[in-house]
Amino acid sequence: IQPRSAETLENALTAAWQMSDRERVRRYAERLTQVAPQSNHALWAQLVLATEDKNYEAAAGFASSIAQANAASAADWYNLGVCLEQAGK
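1. Structural notes on the packing of helix 3 (residues 40-52) against helix 4 (residues 56-69)
No. 1: Contact geometry for helix 3 and helix 4: axes closest at 8 Å, N-to-C directions at 155°. In terms of axis orientation, helix 3 runs roughly antiparallel to helix 4. You can see that helix 3 and helix 4 cross each other, and the crossing is left-handed. Residues Asn40, Leu43, Trp44, Gln46, Leu47, Ala50 and Thr51 of helix 3 pack against Tyr56, Ala58, Ala59, Phe62, Ala63, Ser65 and Ile66 of helix 4.

2. Description of the nonpolar core
No. 1: Counting residues in each nonpolar core, the largest one holds 11 residues, listed as Leu9, Ala12, Leu13, Ala16, Val25, Tyr28, Ala29, Leu32, Ala42, Ala45 and Leu49.
No. 2: When contributions to this core are tallied by element, the ones reaching two or more residues are helix 1 (6-18), helix 2 (22-35) and helix 3.
No. 3: Leu43, Ala60, Ile66 and Leu80 belong to the second largest nonpolar core, which has 9 residues in total.

3. Remarks on the pattern of salt bridges
No. 1: With the rule as written, the count across this model stands at 5 salt bridges.
No. 2: Between Arg24 and Asp21 there is a salt bridge, and its shortest N-O distance comes to 3.7 Å.
No. 3: On the accessibility criterion, Arg24 (37% relative accessible area) is partly exposed.
No. 4: The class for Asp21 is partly exposed, based on a relative accessible area of 23%.
No. 5: For the salt bridge of Lys89 with Glu57, the shortest nitrogen-to-oxygen distance reads 3.1 Å. Within this pair, whereas Lys89 is found in the segment after helix 5 (74-86), its partner Glu57 is found in helix 4, the two being separated by 32 residues in sequence.
No. 6: Looking at Glu57, the relative accessible area reads 46%, which means it is partly exposed.

Cut-offs and rules
- Residues numbered from 1 in each chain as written.
- Predicted model: local features only at pLDDT ≥ 70, side-chain atom pairs only at ≥ 80, totals over all residues.
- Heavy atoms only, no water.
- Axes fitted to C-alpha atoms, helices over the stretch in contact; angles between N-to-C directions.
- Helix = DSSP H or I, 4+ residues; strand = E, 2+ residues; numbered from the N terminus.
- Parallel < 35°, antiparallel > 145°, perpendicular 65-115°, else oblique.
- Left-handed = near helix turned anticlockwise from the far one by under 90°.
- Contact = heavy atoms within 4.5 Å.
- Core = buried A, V, L, I, M, F, W, Y, C linked by side-chain atoms within 4.5 Å.
- Buried < 20%, exposed > 50% of the residue type's maximum accessible area, 1.4 Å probe, protein only.
- Salt bridge = Lys/Arg side-chain N within 4 Å of Asp/Glu carboxyl O.

Scope: geometric values only; no functional claims are made or implied.
Have a look at this one:
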């Protein structure tokens with residue numbers, strides 16, 4: 001009914017993830033980012049995809065957004081550090 005709502009896109013992203021359909025995960029994450037730029041669902045999906053693709057530069061960008069949104073989470077900052085290290089920074 002509302003194909004561009006954040007909730008609909010989060011559900012579609014989750015379903016695509018469960019089906020292991022990377023291309024749809026990527027597409028829905030990108031659409032969700034347009035609708036809700038700080039969506040944890042979209043950022044985490046893009047972080048995982050970038051890491052799997054060994055694109056640590058992009059992964060660091062997503063990890064940075066996640067860490068900044070949840071500054072008290074040591075795990076999120078650690079993930080950012082790992083991405084930066086893998087990117088050679």
